[in-house]
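# Understanding the architecture of this molecule
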Amino acid sequence: MSELVRIAKIEEVEEGKGMVVEAGEKCLAVFKVDGAFHVIDNTCLHRGGPLGEGDVEGETVTCPWHGWEYNVKTGHCVNNPSSHVRTYPTVVENGEVKVDLS
């Protein structure tokens, strides 16, 4: 059974930018790319930088601390292809972005 948690109103998430949110005990990075919402763990695998505060270009977010790059759709790390951050399914209901934490 899925555990959907509201994380933002759709208008709060800007196209091509990241946003950091707390959901339950998790810190997540939320992105809107080509009108679709994507959620990944906020913590960079390199040194723990906040991915939701990084620059977004296309589907790639760059960690603001040391430049590691991640695909916001898949969570795969460009700098270390064997690594990835967790992704979370999203749903839009009644103007709200919700994430499945299960």
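Residues numbered from 1 in each chain as written. Predicted model: local features only at pLDDT ≥ 70, side-chain atom pairs only at ≥ 80, totals over all residues. Heavy atoms only, no water.

### Description of unusual backbone geometry
Trans peptide bonds make up most of the peptide bonds, and negative phi angles are found at most residues other than glycine. Heads up, the rule is: For each residue, the accessible area found with a 1.4 Å probe, counting protein chains only, is set against the maximum for its type, and the residue is called buried under 20%, exposed over 50%, and partly exposed in between.
Phi angles above zero are rare outside glycine, and Asp-34 is one such case at about 55°. Exposure remark for Asp-34: the relative accessible area of 68% places this residue in the exposed category. A positive phi angle is found at Asn-94, which is not glycine, with a value near 50°. For Asn-94, a relative accessible area of 79% translates into the label exposed.

### Thoughts on the sheet that holds strand β6 (residues 60–62)
Inclusion rule: Pairing between two strands requires that DSSP report at least two bridges joining them. Numbering of helices and strands runs from the N terminus; a helix is a DSSP stretch of H or I covering at least four residues, while a strand is a stretch of E covering at least two. Simply put, an axis is a line fit to the C-alpha atoms, just over the touching stretch for a helix, and the angle between two N-to-C directions goes from 0 to 180 degrees.
The three strands lie next to each other as β5-β6-β7, forming an open sheet whose pairing is antiparallel. One side of each edge strand has no neighbouring strand; the edge strands of this open sheet are β5 (55–57) and β7 (69–71). Strand after strand, the sheet turns through a mean of 25° between neighbouring axes, direction not considered. Sheet topology note: the β6/β7 ladder contains three bridges and is antiparallel. Pairing of Thr-60 across the sheet is with Asn-71, part of β7.

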